[in-house]
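# Structural overview
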Amino acid sequence: AGLDPKQIIEVRQLIKGLAGAHTIILSTHILPEVSMTCDRVLIINRGKIVAEDTPEHLTTQLRGGDRLRLLVRSEEAALREALAGIEGVQEISVTPLREGGLLAVLIGVKPEHDVRSQVAARIVQGGFDLYELRSERMSLEDIFLQLTTEESEEGARREA
């Protein structure tokens, strides 16, 4: 914290340069830095390890897969109907935007499924305008909150 961008890059390079010959333990709550520098992550909650893996594997393992973000011009019901039944789609969340007819769509995808081409095909075949389609994974912040919130809620239930 408190480093300028050049110093941040230098510290990252220093840590990565020591990897292989040394084991470096970085204890931090600055999770974007963890993503940028670490090969393995341990998440500790209430003194117990609740996750241990690579940052990449944690994002798919804990979420259950990737997410797709779309920006589409369509009626919501028609879009949901067009996307219904695509194998690998877990959930569809649609948020209407103020701009005429645009919908922000978040699609949860099961692990080991790549549904991008099927989603794009259904949207185009349905006659809708597709402005954006991108894949994203959970951030370490999302994972940390998911793990520590679930663990905290479970612990509070046990204590009650």
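Residues numbered from 1 in each chain as written. Predicted model: local features only at pLDDT ≥ 70, side-chain atom pairs only at ≥ 80, totals over all residues. Heavy atoms only, no water.

### With respect to the overall build of the chain
Looking only at helices and strands, the chain features 6 helices and 6 strands. When the elements of the chain are put in sequence order from the N terminus, they spell out α-α-β-β-α-β-α-β-β-α-β-α. Considering only contacts in the chain between residues 6 or more positions apart, those separated by 24 or more positions represent 64%. Here the chain displays about 10600 Å² of accessible surface, and carbon together with sulfur accounts for 51% of that area. (Helix = DSSP H or I, 4+ residues; strand = E, 2+ residues; numbered from the N terminus. Contact = heavy atoms within 4.5 Å. Areas by Shrake-Rupley, 256 points an atom, 1.4 Å probe, with all protein chains shown as cover.)

### Some points on the pattern of salt bridges
This model, assessed by the stated rule, comprises 5 salt bridges. Measuring nitrogen to oxygen at the nearest pair gives 3.1 Å for the salt bridge that ties glutamate 76 to arginine 80. Linking glutamate 76 with arginine 80, this pair stays in helix α4 (residues 76–83), spanning 4 residues, or about one helical turn. Given a relative accessible area of 30%, glutamate 76 falls into the partly exposed group. Looking at arginine 80, the relative accessible area reads 33%, which means it is partly exposed. In this structure, arginine 116 engages aspartate 114 in a salt bridge whose closest nitrogen and oxygen atoms are separated by 2.6 Å. (Salt bridge = Lys/Arg side-chain N within 4 Å of Asp/Glu carboxyl O. Buried < 20%, exposed > 50% of the residue type's maximum accessible area, 1.4 Å probe, protein only.)

### Quick notes on the sheet that holds strand β5 (residues 102–109)
Taken in spatial order, the 4 strands of this open sheet run β4-β5-β3-β6, and their pairing is antiparallel. The open sheet is flanked by β4 (89–96) and β6 (129–136), the only strands paired with a single partner. Strand-to-strand twist of the sheet, defined as the mean angle between neighbouring strand axes without regard to direction, takes the value 15°. Each of β3 (67–73), β4 and β5 touches α4; the most contacted strand, β4, lies at about 165° to it. (Pairing = 2+ DSSP bridges. Axes fitted to C-alpha atoms, helices over the stretch in contact; angles between N-to-C directions.)

### Some details on a nonpolar patch on the surface
Taken together, Leu14, Leu18 and Ile24 make up a surface patch of nonpolar side chains, about 250 Å² in accessible area. Of note, leucine 14 is situated in helix α1 (residues 5–18). (Patch = residues over 30% accessible without salt bridge, like charges linked within 9 Å, V, L, I, M, F, W, Y side chains within 5 Å.)

### A look at the side chain of arginine 67
As for its placement among the helices and strands, arginine 67 is situated in strand β3. Not counting residues up to four positions away in its chain, the partners in contact with arginine 67 are Leu106, Ile107, Arg134, Ser135, Glu136, Arg137, Met138 and Asp142.

### Description of unusual backbone geometry
Not every positive phi belongs to a glycine, and arginine 46 is a case in point at roughly 55°. The residue arginine 46 is located in the loop between β1 (41–45) and β2 (48–53) in this model.

### Considerations on the side chain of serine 74
If you trace the backbone, serine 74 turns up in the loop between β3 and α4. On the basis of relative accessible area, serine 74 is assigned to the buried category, the value being 11%. The residues touching serine 74, leaving out its near neighbours within four places in the chain, are Leu79, Gly101, Leu103 and Phe128.

### Things to note about α4
What α4 keeps buried is the set Leu79, Ala82 and Leu83. Taken around the axis of α4, the buried residues stretch over an arc of 90°, which confines them to a single face. Opposite the packed face of α4, turned more than 90 degrees from it, sit the exposed residues Ala77 and Glu81. Along its buried surface, α4 packs onto β3, β4, β5 and α5 (116–125). Two residues or fewer after α4 comes glycine 85, characterised by a positive phi angle close to 85°. (Arc of directions from axis to C-beta.)

### Examining the nonpolar core
Note on soluble globular proteins: their nonpolar side chains tend to be buried together. Core analysis: the largest hydrophobic core is formed by 17 residues, its most contacted members being Leu70, Leu79, Ile107, Val119 and Ile123. Ranked by the residues each element gives to this core, the list is headed by β5, at 4 residues. Leave out the neighbours within four places in its chain, and isoleucine 107 touches Asp66, Arg67, Leu68, Leu70, Leu83, Val89, Glu91, Ile92 and Val119. Within the second largest apolar cluster, 10 residues are counted, among which are Ala51, Leu58, Leu140 and Leu147. (Core = buried A, V, L, I, M, F, W, Y, C linked by side-chain atoms within 4.5 Å.)

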